[in-house]
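Each chain is listed here by its residues.
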Amino acid sequence: MFNDKIASNKYEWFVNKFPCKTAIETGMHEGKGTRNLLKHHDTVISCESWDKFFQETLSSFINDDKFNLELEFKTKTHNITVKKLVKDDKTLFLLKGSSELALECIFLNELNYEFTTPYVFYLDAHCNGKGGTDWPILHELETIGNYNLSNSKLIIHDFKVPGFSTKGSPIWGYDEYNGFDLDYEYVKEYLFKINNGMLSFFPDNVTNDAHGRGILYCVPPEELDFEEYLSYNRGNPTIELNK
């Protein structure tokens, strides 16, 4: 997402409008998203199941960004590798393991850190590791919903935007797996389990190049004026509300 200047600016708008001190990222990849999250949040937690990306990102934060490795350990419940890094007023946790298990360890307080809530979740995980066969997005949303985090904000990357996504096109691109598109019908039940009035909307625009991917933004109804919400979704009628 942060390769797209328009989407990056939209993220800045989002977190200014809905402030969160703690961001949780699923799908670390090479750490570009992690670095951008650190610009906006005091504490960032990022998880990655593929060892190659985890080790390379860890090394780059220590060697290039000059973070100090303060603590390393494994969680009790799922044996997730945790690296705690600090620099100035920023705290970064890198977790090695599948995203839904890493999330559970966070919510069980197995990182032994008092995180400031509400969280903003940036969900960008794909299959679990190289050659992975499991698409984690529903597991992630289900785990969030199991821990009474109804005040959470969520951003789901690679999302199918109705009317603006074309299969095979890099513009408004989206993920699909085993015949399922990453669209609102696929996730809505799980969003409403997190907050039964969760409001969801789409970006105004994305960049007109290969970095353009669809995005879904989700906000608790208590934090968004409904008349303003009705103006979102590129002027289209809002997607369905939970009745």
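Only a predicted model underlies this, so the values are computations on that prediction, with no experimental measurement involved.

A.B. asks: Quick one: what's the story with the nonpolar core, residue by residue and with numbers?
C.D. replies: Of all hydrophobic cores here, the largest spans 41 residues; its most connected members are Leu95, Ile106, Phe121 and Leu141. Listed by contribution, the elements that provide at least two residues to this core are β2 (43-48), β5 (90-96), α4 (99-107), β6 (119-123), α5 (137-145), β7 (153-157), α6 (184-194) and β11 (215-219). The biggest single contributor to this core is α6, with seven residues. For leucine 141, the residues in contact, after removing those within four places along its chain, are Leu123, Leu154, Ile156, Val187, Tyr190, Leu191 and Ile194. Formed by 31 residues, the second largest nonpolar core is a distinct cluster that contains Ala7, Val15, Phe54 and Tyr229.

A.B. asks: Describe the pattern of salt bridges, listing the residues and the values that go with them.
C.D. replies: With the rule as written, the count across this model stands at twelve salt bridges. Of the charged contacts in the structure, one is a salt bridge between lysine 83 and glutamate 72, with a shortest N-O distance of 2.4 Å. Here lysine 83, found in strand β4 (residues 81-87), pairs with glutamate 72, found in strand β3 (residues 68-74); they are eleven residues apart in sequence, far enough to count as distant. Exposure remark for lysine 83: the relative accessible area of 13% places this residue in the buried category. Overall, glutamate 72 belongs to the partly exposed group, its relative accessible area being 48%. Of the charged contacts in the structure, one is a salt bridge between lysine 193 and glutamate 189, with a shortest N-O distance of 3.4 Å. On the criterion of helical spacing, the pair formed by lysine 193 and glutamate 189 is a turn pair, its members being four residues apart in helix α6. The class of glutamate 189 is partly exposed, set by a relative accessible area of 47%. A single network of salt bridges, built from pairs that share partners, joins Asp158, Asp175 and Arg213.

A.B. asks: Residues and numbers for the sheet that holds β6, please.
C.D. replies: Spatial ordering of the open sheet is given by β3-β4-β5-β2-β1-β6-β7-β11-β10, a layout of nine strands whose pairing is mixed. Each of the sheet's edge strands pairs with one partner strand only, and the pair in question is β3 and β10 (199-201). Averaged over all adjacent pairs, the angle separating strand axes in this sheet is 15 degrees, with direction ignored. In the sheet, β3 pairs with β4 via six bridges, with the strands oriented antiparallel. Its bridge partner being in β4, phenylalanine 73 is matched across the sheet by valine 82. In this fold helix α1 (residues 5-17) packs onto β1 (22-26), β6, β7, β10 and β11, with an angle of close to 0 degrees to the strand it touches most, β11. Most of the contacts of α6 go to β11, to which it runs at about 20 degrees, and overall it touches β7, β10 and β11.

Basis of the calculations
- Residues numbered from 1 in each chain as written.
- Predicted model: local features only at pLDDT ≥ 70, side-chain atom pairs only at ≥ 80, totals over all residues.
- Heavy atoms only, no water.
- Core = buried A, V, L, I, M, F, W, Y, C linked by side-chain atoms within 4.5 Å.
- Buried < 20%, exposed > 50% of the residue type's maximum accessible area, 1.4 Å probe, protein only.
- Helix = DSSP H or I, 4+ residues; strand = E, 2+ residues; numbered from the N terminus.
- Contact = heavy atoms within 4.5 Å.
- Salt bridge = Lys/Arg side-chain N within 4 Å of Asp/Glu carboxyl O.
- Pairing = 2+ DSSP bridges.
- Axes fitted to C-alpha atoms, helices over the stretch in contact; angles between N-to-C directions.

Just distances and angles here, no functional claims.
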